[in-house]
Amino acid sequence: GRDRRSLGVAQTIVLSGPEVKRKIRHRQSIMPSVAAQSLYEDIGALFDLGDREGALVSLERLLTLAPVTPAVADFLTHNEARLLEYYETTLGPWSRRGKLKDDARSAMPAAYFTLDKMVAVVDLLDGRPLLEVIGKCGLLRIEACAVLSQLARAGVLELSDVRK
């Protein structure tokens, strides 16, 4: 009898402010690594299926959302030259100038514009050449290209050719 009644009783656990912050920080530090692992597995599966476009989308998400892990660094070591060539083909020559479209922030999820890597690139998209954005943003070249590609894929990156 008594065991049944105790099942319906909820206990309240009181945590101090610093303890709550520590738990939240721990959870936030785990989330990117879990997302990164899922995206990395997704990339491999999509490449195995022959879905290169899908694999590239997942790679861009991975590079934009999470820190570069040793497994990703190894993958990039073997594929970076081809990926950079692909990005130059899709984005155009690095001399093109990049600017965020006026409606960009309403066209993409707001959280994207709070990501460190996104901020690093977006803050430089003021009409300067892509090569300069890539060089000054403080990211790996491939990370900067992934961010630029995500913006272009979302239709919020305005690219113009250099006018003399």
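Our subject is the structure that appears above.
Cut-offs applied
- Residues numbered from 1 in each chain as written.
- Predicted model: local features only at pLDDT ≥ 70, side-chain atom pairs only at ≥ 80, totals over all residues.
- Heavy atoms only, no water.
- Salt bridge = Lys/Arg side-chain N within 4 Å of Asp/Glu carboxyl O.
- Helix = DSSP H or I, 4+ residues; strand = E, 2+ residues; numbered from the N terminus.
- Buried < 20%, exposed > 50% of the residue type's maximum accessible area, 1.4 Å probe, protein only.
- Core = buried A, V, L, I, M, F, W, Y, C linked by side-chain atoms within 4.5 Å.
- Contact = heavy atoms within 4.5 Å.

1. Things to note about the pattern of salt bridges
Link 1 in the chain: With the rule as written, the count across this model stands at seven salt bridges.
Link 2 in the chain: A salt bridge links Lys117 to Glu143, with the shortest nitrogen-to-oxygen separation between them at 2.6 Å. Remark: Glu143 occurs in helix H8 (residues 141-153) and Lys117 occurs in helix H6 (residues 116-122); sequence separation between them is 26 residues.
Link 3 in the chain: Residue Lys117 is classed as buried on the basis of its relative accessible area of 11%.
Link 4 in the chain: Take Glu143: its relative accessible area is 7%, and that puts it in the buried class.
Link 5 in the chain: The salt bridge involving Arg128 is made with Glu132; its shortest N-O contact spans 3.2 Å.

2. Thoughts on the nonpolar core
Link 1 in the chain: Formed by 43 residues in total, the largest nonpolar core has its most connected members in Phe113, Val121 and Leu151.
Link 2 in the chain: Those elements that place two or more of their residues in this core are helix H2 (17-49), helix H3 (52-65), helix H4 (70-91), H6, helix H7 (130-136) and H8.
Link 3 in the chain: Discounting chain neighbours no more than four positions away, the residues touching Val121 are Val133, Cys137, Leu139, Ala144, Val147 and Leu148.

Remember, this is a structural readout, not a statement about activity or role.
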